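Architecture at a glance
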Amino acid sequence: MVRIASMVALLPVMGSKSLPSQVKAGISLALLLCIFPTLPRTVATMPDSVWGFASLALREAAVGLIAGWAFGLIFQVMEFAGAVIDMQAGFSMVELFDPTTGESTHLFGQFLGISATVTFLAAGGHAHLVAAMADSFRQIPLGNAHLEASRILPDASALVVRSILLGLQMSGPVLMALLTLTLTMSVISRIMPSMNTWLVVMPLQVIIACALTGLSLPFVLGVFQGWQDDVFRATGTLLVRMR
């Protein structure tokens, strides 16, 4: 129960901060009832002291938090790509409240995040999450987790680097178009100093960012679906490192 509750706290969609704690506890209990009958019938060595139980609970919570963090990167890529577009298109001053994370976000970041959530649920991503949670108990049986930073950090840092690079690649077409616009308007402002390029650049930035984001959305969502599979595989590798 501790491992599942820790995962649910950081899972995308299920761990939304807009959900009350009672709902999350109910989701954790429901997942436990669904996963428990599928697990192999093995007898785990249980500690015989309070400190032993506390140590076991902490290790199980750490396994759940690490797995939940890795699964959360599925959506962090899309939000990062949207934040980069917002910053370049001039929307960084416009902040919106994201009920999923409970934090402020920007226009394109929320748009890509909602698009990713719809794609994730439509493709059955929630079922893959539940299956991955069940697999974690097969890969790391209860009480058999060994948390060594030297084994976990290389794979975790590699996953973070891949997510950042993928976010930049997703926002790349819009960034290149906006950079080209900025360079063009810089040349025009040198040729025509009396022209107020600021009044021309801002509307063009908004139009180009919206148009290219809409045109590239099918490609971005296709890459996002492939990224889901990569994260599930990388999370499996992380769990193997914790045996």
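Higher on the page you've got the structure.
The rules behind each value
- Residues numbered from 1 in each chain as written.
- Predicted model: local features only at pLDDT ≥ 70, side-chain atom pairs only at ≥ 80, totals over all residues.
- Heavy atoms only, no water.
- Helix = DSSP H or I, 4+ residues; strand = E, 2+ residues; numbered from the N terminus.
- Buried < 20%, exposed > 50% of the residue type's maximum accessible area, 1.4 Å probe, protein only.
- Contact = heavy atoms within 4.5 Å.
- Areas by Shrake-Rupley, 256 points an atom, 1.4 Å probe, with all protein chains shown as cover.
- Salt bridge = Lys/Arg side-chain N within 4 Å of Asp/Glu carboxyl O.
- Patch = residues over 30% accessible without salt bridge, like charges linked within 9 Å, V, L, I, M, F, W, Y side chains within 5 Å.
- Core = buried A, V, L, I, M, F, W, Y, C linked by side-chain atoms within 4.5 Å.
- Phe/Tyr/Trp six-rings, centres within 6.5 Å; stacked < 30°, edge-to-face > 60°.

1. Some points on the overall build of the chain
Counting its regular elements, the chain contains seven helices and two strands. Starting at the N terminus and walking to the C terminus, you meet the elements of the chain as α-α-α-β-β-α-α-α-α. Relative to its 243 residues, the chain shows a buried fraction of 39%. Contacts spanning at least 24 positions in sequence make up 78% of the contacts within the chain whose residues lie at least 6 apart. Entry remark: accessible area of the chain is about 12,900 Å², with carbon and sulfur atoms responsible for 70%.

2. Quick look at the pattern of salt bridges
Tallied over the entire structure, the rule returns three salt bridges. As a salt-bridge pair, Asp 155 and Arg 241 come within 2.9 Å of each other at their nearest N and O atoms. Taken as a pair, Asp 155 in helix 6 (residues 149-191) and Arg 241 in helix 7 (residues 197-241) lie far apart in primary sequence, 86 residues in all. Under the relative-accessibility criterion, Asp 155 is labelled partly exposed at 24%. Under the relative-accessibility criterion, Arg 241 is labelled partly exposed at 30%. Between Asp 230 and Arg 233 there is a salt bridge, with its nearest N and O atoms 2.4 Å apart. With a gap of three residues between them, Asp 230 and Arg 233 both fall in helix 7, about one helical turn apart. Looking at Asp 230, the relative accessible area reads 24%, which means it is partly exposed.

3. Considerations on a nonpolar patch on the surface
Among the surface-exposed residues, Phe 80, Val 161, Ile 164, Leu 165 and Leu 168 lie close enough to one another that they form a single nonpolar patch of about 400 Å² accessible area. The biggest single contributor to the nonpolar patch is helix 6, with four residues. Position of Leu 168 among the secondary structure elements: in helix 6. Residue classification places Leu 168 among the partly exposed positions, given a relative accessible area of 38%.

4. Let's talk about the nonpolar core
The biggest cluster of nonpolar side chains holds 43 residues, and the ones touching the most others in it are Ile 35, Phe 71, Met 78, Met 133, Met 170 and Phe 224. Non-local contacts of Met 170, meaning those with residues more than four positions away in its chain, are made with Val 77, Met 78, Ala 81, Val 220, Val 223 and Phe 224. Counting seven residues, the second-largest nonpolar core is a separate cluster that includes Phe 91, Phe 108, Val 174 and Ala 209.

5. Things to note about the packing of aromatic side chains
Following the criterion strictly, the structure yields three aromatic pairs and no others. Ring centres 5.8 Å apart and planes at 50° place the aromatic pair Phe 75 and Phe 224 in the tilted group. Residue Phe 75 is found in helix 3 (residues 50-89), and its partner Phe 224 is found in helix 7; the two are separated by 149 residues along the sequence. Both residues of the pair, Phe 75 and Phe 224, count as buried.

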